[in-house]
Amino acid sequence: MSTENTLRQGPDESGFFGRFGGRFVAETLMPLILDLQEEYEKAKHDPEFHAALEVLRKDFVGRETPLYLAERLTEALGGAKIYLKREDLNHTGAHKINNCLGQILLAKRMGKKRIIAETGAGMHGVATATVAARFGLECVIYMGSTDIHRQQPNVQRMKLLGAEVIPVTSGTGTLKDAMNEALRDWVTNVHDTFYIIGTVAGPHPYPALVRDFQAVIGEETRRQIMEKEGRLPDTLVACIGGGSNAMGLFHPFLDDKSVHMIGVEAGGEGLDKRHAASLKGGEPGVLHGNRTFLLQSEDGQIQDAHSISAGLDYPGIGPEHAWLHEIERVEYVSITDQEALEGFKALCKYEGIIPALESSHALAHILKLAPTLPKDHIIVVNLSGRGDKDMTTVTEHLADELAEQ
Amino acid sequence: MTDTRQASRMERRFAALKQENRPALITFITAGDPDYANSLDTLLGLPEAGADVIELGMPFTDPMADGPAIQLANQRALASGQDMLKTLQMVRILREQDQDTPLVLMGYYNPIYRYGVKRFLEEAAEEGVDGLIVVDLPPEHDNELCIPAREAGVHFIRLATPTTDAKRLPGVLNNTSGFLYYVSSTGVTGSAAPTPEKVQQEVEAIRANTDIPIGVGFGIRTPEQAARIGQFADGVVVGSALIDCINKASTPEEGTQGVLSLTRELAAAVRTARK
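Just so you know, these numbers come straight off a predicted model, no measurement behind them.

**Remarks on the environment of Phe344(A)**
Residue and element names in this part refer to chain A. For Phe344, the location among the structural elements is in helix 14 (residues 337-351). Placed 150 residues apart in sequence, Phe344 and Phe194 show a C-alpha to C-alpha distance of 35 Å. Excluding residues within four positions of it along the chain, Phe344 makes contact with Ile354, Pro355, Leu357, Ser360, Met391 and Val394.

Here is the structure:
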């Protein structure tokens, strides 16, 4: 397809990025999705909406987040100069809040009284519960039972924030199943409920809308790197489950041909075993309202994803990523569970920062990449979240090492 | 619109029922639930038990518009190894003994997309599939499957819902054929239906805009409910209540008997609906 002069104008009117995206939902939801799209178009051009969002970003979330030069990590790897975009310093501990703020303001505009969301690692659930509390709206979070077990602290946080957390036992009890259940709730409670989707997936306009709310990451990065280095970065790296933190970082740079971008998928136990790498190990299909790459069988049945990180444990990926992969604008790689743990340890050791396991996938790729690049090569890694929530998982995996210390 | 082609099996069936002044009993089961052999037995028994139109579910791992009963049916079918080939094979076997009962395949788009739309439609038409209901293909995506299906001689049956307002209705009706499936409540399959009076109002509003038969589904579980809805609807769809017979059965054979026995009761009820 023709990309004209910009890669930043998608999706088209029907919600397609190339052949990916769309609005593959039941008729019951169609009118709502069209309403949402209309309201979002209005909000986009409403200075008051942007002003309200700006105040919340600054005073409630603590933006802008720093662009931090990881000096010791850079030195240890002996190659490219590494900057971290500190989304882990946001209120609630990850980039997820950027999107939730935007969507809750839309929900208010639309007069909705009840908020629902799906969550994997719980970071989106916590961010949603947070904004719902902030605006005094009822909040229901769907979370897979497997994830509830491995992300207990986040479950407690959501409850403290007043949300009802509903365990989802169907399927493997992970993010995909939570999303099915949230969609079932939505189709039942169409009139009063706003569904805050947590990533750049789902039916149009969600992929575009979530991306736009997350693009603050890339916009700040652009300004900050110009201040610090006087030029654009050479490489951007971010982890990808559904892909919202990556889309947020990448999007403002898509038209800058000199900027190389790398999305890091969860390779789980390896691409020949259980994993969550939809682009590297999946095929195009239709799920949760959009056409994208999916882990699926020959018969079109969705397969279970696996990752050490609950936030990347999803068998699909946002449609804009599927398109950027197909036109080869962004390079997509995968990192295994074991490698992610190495990334995790490295950041703890060299920078005194405990990263989320999701972000550790991006860091693990840096461990491989940075040493191969010259010292004047600038990399920005999106440190999408902090690792407090992952203590249980990490201590289980690193029990022996920790015992030796 | 002048239509010179021969009436389809679906159209003949609805025309005949109109003559009889009674609604169609439309039954739903999931192909391969609880396993291929027993599901096939159930399917083959449905016409004689009184099903006028058969909906056969194509199992999918992620049935987002379905409630617990049909979710379980999908899981049982997939666990027993059901796939698209086997589902089409069931239709072929049905057609060897029954050439009059319209059969509609119902499900989600991904298994069809993965199978290949062209190949799927060719084989479905060949085996005697009369219509398709694909939950996650709204009119906005007619080019994906709806229009190719019409070209292949397979009806594309659309869902209209309580949220389908006057603005959307023409788009929903456009390219719909066979019958229109009115989903009586917002929610997933198996959820409770609103009052018959409310449903009747909605159905009559739609009827003012179309000549095609209107089937009503979601929340119809008993012969009494079927008879009540059948007073004004051209078809009454029963799904979750039949699937529950399989859910509750202690053996697969008992499940088949349960489905067929409830079908007989429903069939008797729709025959008295307008008397």
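Here the narrative resumes, following the displayed structure.
**Topic: helix 14 of chain A**
Residues and elements named next belong to chain A. The end-to-end C-alpha separation of helix 14 is 21 Å, in line with the 21 Å expected for 15 residues at 1.5 Å each. The set of residues buried in helix 14 consists of Asp337, Ala340, Leu341, Gly343, Phe344, Ala346, Leu347 and Glu351. Once helix 14 finishes, Gly352 follows within two positions and takes phi at roughly 65°, a positive value.

**A look at the interface of chain A and chain B**
Taken together, the contact between chain A and chain B spans 38 residues of the former and 36 residues of the latter. Across the chain A to chain B interface the summed buried area is about 2,900 Å²; carbon plus sulfur atoms make up 51%. In this structure, Asp62(B) and Lys176(A) form a salt bridge, with 2.8 Å as the shortest nitrogen-oxygen distance. Our enumeration of links across chain A and chain B arrives at 19 residue pairs in polar contact (both at pLDDT 80 or more). Of all the secondary structure elements, the ones that give two or more residues to the side of chain A that touches chain B are strand 2 (20-24), helix 1 (30-44), helix 8 (175-188), strand 11 (283-287) and strand 12 (289-294) of chain A. By residue number, the principal contributor to the side of chain A that touches chain B is helix 8 of chain A, which donates 7 residues. Considering only residue class, the side of chain A that touches chain B consists of 15 nonpolar, 13 polar and 10 charged.

**Some details on the layout of surface pockets**
Empty space among the atoms can be located by rolling a probe the size of a water molecule over them. Residues and elements named next belong to chain B. Roughly 900 Å³ of internal volume is contained in the largest pocket. If you go around the largest pocket, you meet 35 residues; those closest to its centre are Glu11, Gly178, Asp211, Ile212 and Pro213. Of all the secondary-structure elements, those providing two or more residues to the lining of the largest pocket are helix 1 (9-20) and helix 7 (146-151). Of all the elements, helix 1 adds the most residues to the lining of the largest pocket, at 7 residues. In terms of residue class, the lining of the largest pocket is made up of 13 nonpolar, 11 polar and 11 charged.

**Thoughts on the pattern of salt bridges**
Inspection of every chain in the model, using the stated rule, returns 45 salt bridges over all chains. The salt bridge partner of Arg211(A) is Asp212(A), with a shortest N-O separation of 3.0 Å. Residue classification places Arg211(A) among the buried positions, given a relative accessible area of 5%. According to the relative accessible area criterion, Asp212(A) is partly exposed, its value standing at 23%. One salt bridge in this structure joins Arg22(B) and Glu20(B), with 2.9 Å as the shortest N-O distance. Under the relative-accessibility criterion, Arg22(B) is labelled buried at 6%. Among the charged side chains, a salt-bridge network with shared partners connects Arg63(A), Lys85(A), Glu87(A) and Glu220(A).

**As for the nonpolar core**
Ranked by size, the top nonpolar core spans 107 residues in total, and within it Leu106(A), Trp186(A), Tyr195(A), Phe179(B) and Tyr181(B) carry the most contacts. Shared between two domains, this core takes at least three residues from each, and those domains are domain 1 (17-58 + 95-205) and domain 2 (64-93 + 215-400) of chain A. With residues near it in sequence (within four places) discarded, Trp186(A) still touches Leu29(A), Leu32(A), Ile33(A), Ile116(A), Thr193(A), Phe194(A), Tyr195(A) and Tyr206(A). Grouped together as the second largest cluster of nonpolar side chains are 65 residues, Leu43(B), Met58(B), Leu88(B) and Val238(B) included.

**Thoughts on the UniProt feature "modified residue: N6-(pyridoxal phosphate)lysine" (unreviewed entry) in chain A**
Residues and elements named next belong to chain A. Within this structure's numbering, the places UniProt gives as "modified residue: N6-(pyridoxal phosphate)lysine" (unreviewed entry) are Lys96. Here Lys96 is to be found in helix 4 (residues 96-109). With near-sequence residues (within four places) excluded, Lys96 lies in contact with Met123, His124, Ala127, Gly198, Thr199, Gln214 and Ser244.

**Structural notes on the domain arrangement of chain A**
Residues and elements named next belong to chain A. Structurally, chain A comprises domain 1 (17-58 + 95-205) and domain 2 (64-93 + 215-400). A straight line from the C-alpha centre of domain 1 to that of domain 2 covers 22 Å. Contact with domain 1, which involves 37 residues of that partner, is made by 41 residues of domain 2. In total, about 3,400 Å² of surface goes out of reach between domain 1 and domain 2, with carbon and sulfur atoms giving 61% of it. Where domain 1 touches domain 2, the interface holds 1 salt bridge. Across the salt bridge formed by Arg19 and Glu326, the nearest N and O atoms sit 2.5 Å from each other. Here domain 1 and domain 2 share 11 residue pairs in polar contact (both at pLDDT 80 or more) between them. When residues of the side of domain 1 that touches domain 2 are traced back to their parent elements, those giving at least two are strand 2, helix 4, helix 5 (123-135), helix 6 (145-150) and helix 8. When grouped by side-chain class, the residues that make up the side of domain 1 that touches domain 2 number 15 nonpolar, 15 polar and 7 charged.

**A few points about the UniProt feature "domain: Tryptophan synthase beta chain-like PALP" (unreviewed entry) in chain A**
Those places that UniProt annotates as "domain: Tryptophan synthase beta chain-like PALP" (unreviewed entry) correspond, in this numbering, to residues 62-385 of chain A. Overall, residues 62-385 of chain A shows 41% helix and 21% strand. The separation of its end C-alpha atoms is 14 Å.

**Regarding the UniProt feature "active site" (unreviewed entry) in chain B**
With numbering matched to this structure, UniProt assigns "active site" (unreviewed entry) to Glu55(B) and Asp66(B). Checked against the element boundaries, Glu55(B) lands in strand 2 (residues 53-57). Excluding anything up to four places from it in sequence, Glu55(B) contacts Ile26(B), Thr27(B), Phe28(B), Ile29(B), Val104(B), Met106(B), Ile133(B), Phe179(B), Tyr181(B) and Val237(B). Relative to the helices and strands, Asp66(B) is located in the loop between strand 2 and helix 3 (68-79). Its relative accessible area of 9% is what places Asp66(B) among the buried residues. Discounting chain neighbours no more than four positions away, the residues touching Asp66(B) are Arg184(A), Gln71(B), Tyr108(B), Val188(B) and Thr189(B). Polar side-chain contacts of Asp66(B) include one of 2.7 Å to the side chain of Tyr108(B).

Here is what the cut-offs are and how they apply
- Residues numbered from 1 in each chain as written.
- Chains lettered and ligands numbered in written order.
- Predicted model: local features only at pLDDT ≥ 70, side-chain atom pairs only at ≥ 80, totals over all residues.
- Heavy atoms only, no water.
- Helix = DSSP H or I, 4+ residues; strand = E, 2+ residues; numbered from the N terminus.
- Contact = heavy atoms within 4.5 Å.
- Expected span 1.5 Å × (residues − 1).
- Buried < 20%, exposed > 50% of the residue type's maximum accessible area, 1.4 Å probe, protein only.
- Buried area = accessible area lost by both parts, 1.4 Å probe.
- Salt bridge = Lys/Arg side-chain N within 4 Å of Asp/Glu carboxyl O.
- Polar contact = N/O pair within 3.5 Å; in protein donor to acceptor, adjacent residues only side chain to side chain.
- Nonpolar A, V, L, I, M, F, W, Y, C, P; charged D, E, K, R; others polar.
- 1 Å grid on protein atoms, 1.4 Å probe; cavity = no way out; pocket = protein on both sides within 12 Å on 5 of 7 lines; lining within 4 Å.
- Points joined across faces, edges and corners; volume = space filled by probe spheres on them.
- Core = buried A, V, L, I, M, F, W, Y, C linked by side-chain atoms within 4.5 Å.
- Domains from an automatic or database assignment.
- UniProt positions renumbered as here; feature names shortened; annotations may be inferred.

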